[in-house]
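Listed below are the residues making up each chain.
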Amino acid sequence: MRLKIVAGNWKMNLDFEEAEDLISAIADELENIDLGHAEVVICPPFPYLEMALDIAIESDFSVGAQNISHFDNGAYTGEVSARMLASMDVDYCIVGHSERRKYFNETDEIIAKKIDQAIEHEFITIFCCGELLSERQAGKHFDVVREQIEKAVFPLSEKEFYNIVIAYEPVWAIGTGVNATPEQAQEMHAYIRNLIASRYGKDVADETSILYGGSCNSKNAPEIFAQPDVDGGLIGGASLNADEFIEIVKAIL
Ligand code: PEP
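Reading the values: the criteria
- Residues numbered from 1 in each chain as written.
- Predicted model: local features only at pLDDT ≥ 70, side-chain atom pairs only at ≥ 80, totals over all residues.
- Heavy atoms only, no water.
- Buried < 20%, exposed > 50% of the residue type's maximum accessible area, 1.4 Å probe, protein only.
- Helix = DSSP H or I, 4+ residues; strand = E, 2+ residues; numbered from the N terminus.
- Pairing = 2+ DSSP bridges.
- Contact = heavy atoms within 4.5 Å.

**Student:** What is the right way to read the pairing of strand 7 (residues 210-213) from this model?
**Tutor:** Neither face of strand 7 is open: one carries Ile210 and Tyr212, the other Leu211 and Gly213, and all of them are buried. Sheet topology note: the strand 6 (residues 164-168)/strand 7 ladder contains 3 bridges and is parallel. Residue pairing for strand 7: Ala167 is matched across the bridge by Leu211. Direction of pairing for strand 7 relative to strand 8 (residues 232-235): parallel, over a ladder of 2 bridges. In the strand pairing of strand 8, Tyr212 is matched with Gly233.

Next comes the structure, spelled out in structure tokens:
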């Protein structure tokens, strides 16, 4: 049975005290929830990872990094390596987010190197893919997503691929308040699962968690998560409010 996941991507938000309050509130609320075969992941900014990990020890969530360097080690000022994060016991990392592609010029090639680093250090990697509005309007959304996955993920062996979670995040839905419809999400998730089946086989595809991301909130999550190929969500803005985030978590149970 594949894992259901709700992951919160806090991006570059909150000061330390606000972050600590939010994560403590989420931890408190999780105490009253039986997650069963589901996982909650919190991805705070780098400086708050240790605090999040400390709270996670007593709670029922995992901690993820929002980014990792594509370099292994050395004179790369400002970078944070997979090796460093692994040594802190961070379990998850996000790679290929559209904001990294757009603002930091991350290409499919750089993203592939980041995935290699993540795999080498045994992270569960949430790989983000998704099309621009113009690409969807031109009817190219399936091709764009296929190319992103083929270039960055499909070089992995079957064994390595087991540590990949896919997040389909149409760029036009991220932070815009305009979510994909449940039908649009299901259509793309089924397409992605078929792609995975054609590369790694049906059993692997059936075990792969495919998350939806893009203006997901407590109102639209139940219908989106009810789709057969949607296994949870990568949540940006709505993960910054504990009550809202917890309602989204409940929608995968
Ligand atoms: C994201 O950044 O991964 C995301 C899905 O953001 P939002 O939920 O704010 O659209």
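Once the structure has been displayed, the description carries forward.
**Student:** So what exactly am I meant to see when it comes to the environment of Gln227 here?
**Tutor:** As for its placement among the helices and strands, Gln227 is situated in the loop between helix 11 (221-225) and strand 8. Its relative accessible area of 18% is what places Gln227 among the buried residues. With 206 residues separating them in the primary sequence, Gln227 and Asp21 have C-alpha atoms 33 Å apart. Once residues lying within four places of it in the same chain are set aside, the contact partners of Gln227 are Pro182 and Gln186.

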